Amino acid sequence: MLIAADKFKGSLTAVEVAEHVTAGLRRTVPGVEVSAVPVADGGDGTVAAALAAGFTRHEARVTGPTGVPVTAIFALRGDGTAVVEMAEASGLQHLPGGAFAPLTATTYGTGELLLAALDAGATSIVFGVGGSATTDGGAGMLAALGARFLDADGEPVAPGGGPLRDLATADLSGLDPRLARTTIVLASDVDNPLTGPKGAPAVYGPQKGASEEDVATLDAALAHYAEVLERAVGPKAAEHALAPGAGAAGGIGYGALVGLDADFRPGIEVMLDVLGFAPALAKATFVITGEGSLDEQTLHGKAPAGVAAAARAAGLDVVAVCGRLQLSQEALTAAGIRRAYALTDLESDPARCMAEAGPLLERAAAQLARDFLV
């Protein structure tokens, strides 16, 4: 049995999910052989999954999204592969008091975190983006890495997406030279462009506290930012603004594509490679995946869909565990998942379900074993 599940957000880490599923399986079949590869799709929890896979934990003190210092972690492996999660530096969880800052939140700390990974010896970086508090197009990140963004008076523009409307010139020539020798993969399940109706401000700005007026301000500012970058680095800046992934994490995807020459890949694909999923799958006869909520989003690049696709290609059965299930059996089958076991089927109260997720998951796994292993 191979357990390859994501976290249950707000309840259990991916490692804890695997532990509870294993305990439940062994209630029914004590001798069952189980291996686990905790997975993530590039969003929050990605570094934790890398650490569970044997990467080494590193800490760095960096600038939070509102300028308040925060401690961020990244993961590094002996071969020089680093996993860096932008939410560790610039995520919503770092907003003091939870107060949104849609126009001024900065990704500067993410740039500092990337520098810390380079200083630690990283030669290849998996850059997971998601859960950001920011909509600055990655300008803060690039500034921390050595780029200069100046207004008409030759002064640095203020942090955040809003002030980019005052941008007059951009100079990327000062970017850390190590970046040119480093392979950077932008790992995300978001394929939005930078601006427009499906762009970062319009789609994700409201989740970060942006009003209608703020969304319009940010969209115009990011469009202007892309125009200034086009003057600085040429046509690729305009092309990247329309590219899938440019709108990821408030446009940090755009900054990574233009300034870091990053390659965009679906987060779950990248992470399955990095976490050693293929060798584990080769030894498995049955796969269990899952995440907190199995819903429409799951089908668009989330971890369970990626795991199920790989397992199905290998001819293996896949079942899922989840906190709540919002997909029909038809949709599950189409995704390669034979059946899903939801904790809400055992405990209908959502608050209690989250608080008691571990014991409930063990009960669900015990039932799963009765259904498929006995």
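Note that the structure is a prediction, hence the values are computed from the model and not measured.

Participant: How would you sum up the overall build of the chain? Please name residues and give values.
Facilitator: A tally of helices and strands in the chain yields 15 helices and 13 strands. At 21 Å, the chain has a C-alpha radius of gyration in line with the 21 Å of a compact globule built from 374 residues. For the chain, the spread of C-alpha atoms along the three principal axes comes to 75 × 45 × 35 Å. Long-range contacts, defined as pairs at least 24 residues apart, comprise 71% of the intrachain contacts of the chain with a sequence gap of at least 6. Carbon and sulfur atoms make up 52% of the accessible area of the chain, which totals about 15,100 Å². Once the 25 positive and 43 negative side-chain charges of the chain are each reduced to a mean point, those two points are 7 Å apart.

Participant: Summarise the sheet that holds strand E5 (residues 81–85); cite the residues concerned and give the values.
Facilitator: Two orientations exist for strands paired in a sheet by backbone hydrogen bonds: parallel and antiparallel. Read from one edge to the other, the open sheet built from 6 strands follows the order E3-E4-E5-E6-E9-E10, with strand pairing classed as mixed. Looking at strand neighbours, the two that pair on one side only are strand E3 (56–63) and strand E10 (263–266), the edges of this open sheet. Each neighbouring strand pair of the sheet contributes to a mean axis angle of 30°, computed without reference to strand direction. Two strands pair when backbone bridges link them, and E3 and strand E4 (residues 69–76) are joined in this way by 8 bridges, in the antiparallel orientation. Of the residues in E4, the one forming a bridge with threonine 63 is proline 69. The strands touched by helix H10 (residues 267–274) within the sheet are E5, strand E6 (124–128), strand E9 (183–188) and E10, with E10 carrying the most contacts at an inclination of about 90°.

Participant: Describe the environment of arginine 338, naming the residues involved and giving the relevant values.
Facilitator: One can find arginine 338 in the loop between helix H13 (329–334) and strand E13 (339–342). Taking C-alpha positions, arginine 338 is 9.7 Å from alanine 308, a pair spaced 30 residues apart along the chain. Among all residues touching arginine 338, those that are not within four sequence positions of it are Asp317, Val318, Val319, Gln329 and Phe372. Within polar-contact distance, the side chain of arginine 338 engages the side chain of aspartate 317 at 3.0 Å.

Participant: Run through the sheet that holds strand E1 (residues 2–5), naming residues and quoting values.
Facilitator: Within the open sheet, the 5 strands sit side by side as E2-E1-E11-E12-E13. Their pairing is parallel. Strands with a single pairing partner mark the edges of an open sheet, and in this sheet they are strand E2 (35–36) and E13. Note: strand E11 (residues 286–294) against strand E12 (residues 317–325), 8 bridges, orientation parallel. Directly across from serine 293, in E12, lies its bridge partner arginine 324. Running at roughly 145° to E1, helix H1 (residues 14–28) makes contact with E1, E2, E11 and E12 of the sheet. Contacting E11, E12 and E13, helix H15 (residues 357–372) crosses the sheet at an angle of about 150° to E13.

Participant: Mind laying out H10, listing which residues take part and the relevant values?
Facilitator: For H10, the tally of buried residues reaches 6 of 8 residues, placing the bulk of the element in the interior. Restricting attention to buried positions, one finds in H10 the residues Gly267, Ile268, Val270, Met271, Leu272 and Val274. Two residues or fewer after H10 comes glycine 276, characterised by a positive phi angle close to 80°.

Participant: An account of the packing of H1 against H15 is needed here, citing residue identities and associated values.
Facilitator: Put simply, H1 and H15 touch, their axes get as near as 7 Å, and they point 45° apart. Comparing the axis directions of H1 and H15 gives the class oblique. Seen along the crossing, H1 lies across H15 with a hand that is right-handed. Residues Val17, His20, Val21, Ala23, Gly24, Leu25, Arg27 and Thr28 of H1 form the contact with H15, whose participating residues are Gly358, Leu361, Glu362, Arg363, Ala365, Ala366, Leu368, Ala369 and Arg370.

Participant: Provide a residue-level description of the pattern of salt bridges, including the pertinent values.
Facilitator: Counting across every chain of the model gives 15 salt bridges. Notably, a salt bridge pairs lysine 7 with aspartate 6, separated by 3.7 Å at the nearest N-O pair. Residues lysine 7 and aspartate 6 agree in their burial class; the two are buried. Between glutamate 347 and arginine 352 there is a salt bridge, with the nearest N and O atoms lying 3.8 Å from each other. Relative accessible area serves as the criterion here: at 14%, glutamate 347 is assigned to the buried category. Residue class for arginine 352 comes out partly exposed when judged on its relative accessible area of 45%.

Participant: Describe the nonpolar core, listing the residues and the values that go with them.
Facilitator: In this structure, Ile125, Phe127, Phe149, Tyr225 and Tyr254 are the most contacted members of the largest nonpolar core, which totals 56 residues. Here this core takes 7 residues from helix H9 (residues 248–259), the largest share from any one element.

Participant: Got a sec to walk through the packing of aromatic side chains? Specific residues and values, please.
Facilitator: One pass over the structure, following the stated rule, counts 3 aromatic pairs. When the centroid spacing of 5.8 Å and the interplanar angle of 75° are considered together, the rings of tyrosine 225 and tyrosine 254 count as edge-to-face. Highlighted residues: tyrosine 225 in helix H7 (residues 212–233) and tyrosine 254 in helix H9, separated in sequence by 29 residues. The same class applies to tyrosine 225 as to tyrosine 254, namely buried. Connected via pairs of aromatic rings, a cluster forms that spans Phe149, Tyr225 and Tyr254.

Participant: Lay out unusual backbone geometry with the relevant residues and their values.
Facilitator: One non-glycine residue with positive phi stands out, namely alanine 249, at about 50°. Residue classification places alanine 249 among the buried residues on the basis of a relative accessible area of 12%. Notably, aspartate 261 is not glycine yet its phi reads approximately 55°, a positive angle. Judged by its relative accessible area of 60%, aspartate 261 falls in the exposed class.

Participant: Hey, could you go over the environment of alanine 226 for me, with residue numbers and the actual values?
Facilitator: By the element assignment, alanine 226 lies in helix H7. Setting aside chain neighbours within four positions, we find alanine 226 in contact with Leu194, Ala237, Ala241 and Tyr254.

What counts, and at which threshold
Residues numbered from 1 in each chain as written. Predicted model: local features only at pLDDT ≥ 70, side-chain atom pairs only at ≥ 80, totals over all residues. Heavy atoms only, no water. Helix = DSSP H or I, 4+ residues; strand = E, 2+ residues; numbered from the N terminus. Rg over C-alpha atoms; globule rule 2.2 N^0.38 Å. Contact = heavy atoms within 4.5 Å. Areas by Shrake-Rupley, 256 points an atom, 1.4 Å probe, with all protein chains shown as cover. Lys, Arg positive; Asp, Glu negative; His and termini not counted. Charge placed at Lys NZ, Arg CZ, Asp CG, Glu CD. Pairing = 2+ DSSP bridges. Axes fitted to C-alpha atoms, helices over the stretch in contact; angles between N-to-C directions. Polar contact = N/O pair within 3.5 Å; in protein donor to acceptor, adjacent residues only side chain to side chain. Buried < 20%, exposed > 50% of the residue type's maximum accessible area, 1.4 Å probe, protein only. Parallel < 35°, antiparallel > 145°, perpendicular 65-115°, else oblique. Left-handed = near helix turned anticlockwise from the far one by under 90°. Salt bridge = Lys/Arg side-chain N within 4 Å of Asp/Glu carboxyl O. Core = buried A, V, L, I, M, F, W, Y, C linked by side-chain atoms within 4.5 Å. Phe/Tyr/Trp six-rings, centres within 6.5 Å; stacked < 30°, edge-to-face > 60°.

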